[in-house]
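One letter stands for each residue in the lines below.
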Amino acid sequence: MTYAIKSLSGLADVGLIRRTDVLPLVPVAARYAVAVTDTIAELVDHDDPFDPIARQFVPSEAELVGTPDERADPIGDDVHSTVPGVVHRHRDRVLFKLVHACPVYCRFCFRREMVGPEGETALSPQAFEAALAYIECHPEIWEVILTGGDPFILNARRAGEVSARLAAIPHVKVIRWHTRVPVVDPAHITDDFVAALLVPGATTIVALHANHPRELTARARGACARLIDAGIPMLGQSVLLRGVNDKVETLEALMRAFVEARIKPYYLHHADLAPGTSHFRVPIEEGLELMRELRARVSGVCVPQYVVDIPGGYAKVPLASGDVEKTGAGYRLRDHEGGWHQYPPEA
């Protein structure tokens, strides 16, 4: 059974940090949640001081270094939060943030100021009903994207209840779950859990977040196979991260691993301007060059769309498109409504 290490002393006990690192990391752990499952801890190469798995999950003093362009809500969820738990940024779909906890806490998370034991709580029963009422009153909503936090931390009974309530809304045709659980806690993906996701009246899709090919272990692939064999399509999404997957060979291996597991690569996200994450961000021009190299090496089914979220709530823009212009100060990005925005934004 999977368990999570949630303290600095616990990380030191399993060798993920040195004992001498505990005190300097106290301010990091006080500000940002820490959790590493035993599944992830087992993947770390303790002989590699730059291990890409550890870099994603083990806290670092670099997280205390901020830059002027960073912001607590880097993609502008709050601007489009119509009722608690719902973000209605696009006409035909909403984000539904059911929970604000995760089985692991990524050190680059764009919602790091909102998730974890010290962040916002999960939706109350009243807020849950208000969110469903909002979705029901907006017939243009075709897709509901369940996020958070990680909604796959729900048990099978609760996941089934949520799925059934959403599918009962006539205009909701697609229910998409965004998760890391098949990678970080594959045992959670039981037959009962999979069955709970399948409801008449709506199509279920699962989007898996993984950033390095070593995350797609035999157990992770087995968890994904249980979902896919039940008829649930899966998408893969990743974040371009310095020191994790910023080499074309690593991206190639990751995208091939997705496809071999019957998961379609969907998005490669440019890292958002979340507080204390500058050490993860790769320059856009470097990301574009990596994508050019990737396209030259792999089949089209292995190529994700490289995107960035425009700060302020203006949605994603594909970076290899006419919606991006190089400027002396960075880039101009055109949103889905035709407006242009400076990136990074002026401090």
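Residues numbered from 1 in each chain as written. Predicted model: local features only at pLDDT ≥ 70, side-chain atom pairs only at ≥ 80, totals over all residues. Heavy atoms only, no water.

Draft legend 1. Representation of helix α9 (residues 218–229) in the model. Here α9 contains 12 residues, and its C-alpha end-to-end distance of 16 Å stays within 8% of the 16 Å for a straight helix at 1.5 Å per residue. Restricting attention to buried positions, one finds in α9 the residues A220, A223, C224, L227 and I228. Relative to the axis of α9, the buried residues are bounded by an arc of 135° and lie together on one face. Residues of α9 that are exposed and angled more than 90 degrees away from the buried face: A218 and D229. Close packing links the buried residues of α9 with α7 (181–184), α8 (191–197), β8 (203–209) and β9 (234–240). G231 sits one or two residues past α9 and shows a positive phi near 100°. (Helix = DSSP H or I, 4+ residues; strand = E, 2+ residues; numbered from the N terminus. Expected span 1.5 Å × (residues − 1). Buried < 20%, exposed > 50% of the residue type's maximum accessible area, 1.4 Å probe, protein only. Arc of directions from axis to C-beta. Contact = heavy atoms within 4.5 Å.)

Draft legend 2. Region of the structure containing the sheet that holds strand β15 (residues 340–343). The strand order across the open sheet formed by 3 strands is β13-β14-β15, and the pairing between neighbours is antiparallel. A strand with exactly one partner marks an edge of an open sheet, and here the two such strands are β13 (324–327) and β15. With direction set aside, neighbouring strand axes in the sheet form an average angle of 25°. Two elements, strand β14 (residues 330–334) and β15, share 4 bridges in a ladder whose sense is antiparallel. Directly across from R332, in β15, lies its bridge partner Q342. (Pairing = 2+ DSSP bridges. Axes fitted to C-alpha atoms, helices over the stretch in contact; angles between N-to-C directions.)

Draft legend 3. Representation of the environment of A195. For A195, the location among the structural elements is in helix α8. Classification of A195 by relative accessible area gives partly exposed; the value is 45%. Taking C-alpha positions, A195 is 28 Å from A35, a pair spaced 160 residues apart along the chain.

Draft legend 4. Examining the sheet that holds β9 more closely. The 10 strands are arranged β3-β4-β5-β6-β7-β8-β9-β10-β11-β12 in an open sheet whose pairing can be described as mixed. Only two strands of the sheet have a single partner each, and these edge strands are β3 (81–83) and β12 (316–318). In this sheet, adjacent strand axes meet at a mean angle of 30° when their direction is disregarded. Where β9 and strand β10 (residues 264–270) come together, 6 bridges link them in parallel fashion. Residue pairing for β10: L235 is matched across the bridge by K264.

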